[in-house]
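# Inside the fold
One-letter residues, chain by chain:
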Amino acid sequence: MDSPKEGIDYEGAWDSYAQAWQTIHPELEYIGDEWAGQGAGAAASLAEYETLIERQFIAPYIRSDQVVLEIGVGGGKTSNLLLKYAQRLICADISQKMLDATRARLGSERVEYCKLDGISLEPLAAHSIDVCFCYDTMVHVEPRDIFNYLRQIPRLLKGDRLCVFHHTHVLSDLGWQKFLRELDINLMGKRHGSAFSVMTNEIMEKFLNELNYEVLLKDTTSVPRDCVWICQAPVIEG
């Protein structure tokens with residue numbers, strides 16, 4: 001089977017979004033402040049949503065002696081929260097313009113930036129990271145691409161090898177509503193890079209089990225449209 005010549009343009013979609021963002025949201029200070037949890041049934045305001053993320057998924061799991069990798073930083077909303085707890089933060093994204101926006105927000109003290117190509121995590125050193133955090137990113141990523149990242153992440157981890165993964169669940173009530181709203185603009189095997197993926201909790205559980213992650217928590221209530229997993233990645237020698 002020949003590889004298709006065209007795929008989902010995640011990079012172009014998010015570069016374009018970042019470039020147009022100030023015009024679309026002149027009232028906001030940072031990219032990502034528009035994603036305040038209402039559509040996911042998680043919060044009624046940005047402050048409430050940030051508090052939920054911090055209390056539920058950051059504070060209990062990240063220590064001041066740890067290096068944290070965030071995959072898909074957007075404009076640095078969750079990066080800003082992670083930096084309050086981590087010793088050092090590595091911000092990775094397929095969009096250079098999103099990385100630039102995050103750098104403008106956070107600066108470079110205790111923060112590194114890594115441009116990804118959407119396929120490989122090879123730019124990141126083996127056994128250099130304590131925690132992998134991926135929130136509000138996999139909601140846009142196709143299942144095969146999610147699996148591709150999941151199979152590469154264990155090589156990067158050391159210590160507690162903790163992972164926080166958040167994805168959409170198309171079979172939830174809010175997930176199904178989102179699917180229907182985006183249906184007509186994502187037909188004939190084509191989809192916009194910022195569209196929501198057709199992902200389920202069952203698919204993610206299969207992925208994690210097949211790749212020997214240990215599931216510590218499966219949270220389907222904090223963000224009702226979605227699912228958040230707290231996992232321990234398998235040990236990879238060498």
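Everything quoted here is computed from the prediction, not taken from an experiment.

## Side note on the nonpolar core
The nonpolar side chains of soluble globular proteins are, as a tendency, buried together. Counting residues in hydrophobic clusters, the biggest one holds 34 residues, and the most contacted among them are Leu69, Leu150, Ile153, Cys163, Phe165, Met204 and Tyr213. In terms of residues, this core owes the most to one element, helix H5 (residues 143–156), which gives five residues. Beyond its immediate stretch of four places on either side in the chain, Met204 contacts Met138, Ile146, Leu150, Phe165, His167, Met199 and Trp229. Counting residues in hydrophobic clusters, the runner-up holds 29 residues, among them Ala40, Ala43, Leu162 and Ile230.

## Some words on empty space enclosed by the protein
As enumerated under the stated definition, the model contains one cavity of 30 Å³ or more in all. Considered as a void within the structure, the largest cavity measures approximately 40 Å³ in volume. Lining of the largest cavity is provided by Ile71, Cys134, Thr137, Met138, Val141 and Tyr149. In the lining of the largest cavity, the residues fall into five nonpolar, one polar and no charged.

## Comments concerning the pairing of strand E2 (residues 88–93)
Look at any regular strand and the pattern is simple: side chains alternate between the two faces of the sheet. Extensive coverage of E2 is indicated by the burial of five of its six residues. With five bridges connecting them, strand E1 (residues 67–71) and E2 associate as parallel partners. If you follow Glu70 over to E2, its bridge partner there is Cys91. On the question of chirality, the crossover connecting E1 to the parallel E2 by way of helix H3 (residues 77–82) is right-handed. Pairing of E2 with strand E3 (residues 111–115), which is carried by five bridges, proceeds in the parallel orientation. By the bridge assignment for E3, Leu89 is matched with Val111.

## Focus on helix H2 (residues 46–58)
Counting along an α-helix, one turn takes 3.6 residues, and residues three or four places apart therefore face a common direction. For H2, the set of buried residues is Tyr49, Glu50, Leu52, Ile53, Glu54, Phe57 and Ile58. Of the surrounding secondary structure, the elements contacted by the buried residues of H2 are H3, helix H4 (96–106), strand E4 (129–134), strand E5 (157–168), strand E6 (214–219) and strand E7 (226–232).

## Observations concerning the pattern of salt bridges
Under the criterion given, the structure shown has eleven salt bridges. A salt bridge links Lys77 to Asp136, with the shortest nitrogen-to-oxygen separation between them at 4.0 Å. Residue Lys77 is located in helix H3, and its partner Asp136 is located in the loop between E4 and H5; the two are separated by 59 residues in the primary sequence. Among the salt bridges present, the one from Arg225 reaches Asp226, with a minimum N-O distance of 2.7 Å. Within the structure, one salt-bridge network assembled from shared partners comprises Arg63, Asp65 and Asp160.

## Digging into the environment of Gly39
Looking at the secondary structure, you find Gly39 in the loop between helix H1 (10–24) and H2. By relative accessible area, which is 47% here, Gly39 ends up partly exposed. C-alpha separation for the pair Gly39 and Ala104, spaced 65 residues apart in sequence, amounts to 27 Å. Excluding its chain neighbours within four sequence positions, the residues that come into contact with Gly39 are Leu174 and Arg225.

## Quick word on helix H7 (residues 201–210)
Listed in full, the buried residues belonging to H7 are Asn201, Met204, Phe207 and Leu208. Across the axial projection of H7, the buried residues extend over an arc of 125 degrees, all falling on one side. Check the buried side of H7 and you find it contacts H5, E5, E6 and E7. A positive backbone phi angle near 65 degrees is found at Asn212, which sits one or two residues after H7.

Reading the values: rules and limits
Residues numbered from 1 in each chain as written. Predicted model: local features only at pLDDT ≥ 70, side-chain atom pairs only at ≥ 80, totals over all residues. Heavy atoms only, no water. Core = buried A, V, L, I, M, F, W, Y, C linked by side-chain atoms within 4.5 Å. Buried < 20%, exposed > 50% of the residue type's maximum accessible area, 1.4 Å probe, protein only. Helix = DSSP H or I, 4+ residues; strand = E, 2+ residues; numbered from the N terminus. Contact = heavy atoms within 4.5 Å. 1 Å grid on protein atoms, 1.4 Å probe; cavity = no way out; pocket = protein on both sides within 12 Å on 5 of 7 lines; lining within 4 Å. Points joined across faces, edges and corners; volume = space filled by probe spheres on them. Nonpolar A, V, L, I, M, F, W, Y, C, P; charged D, E, K, R; others polar. Pairing = 2+ DSSP bridges. Right-handed = clockwise from strand over helix to strand, strands pointing away. Salt bridge = Lys/Arg side-chain N within 4 Å of Asp/Glu carboxyl O. Arc of directions from axis to C-beta.

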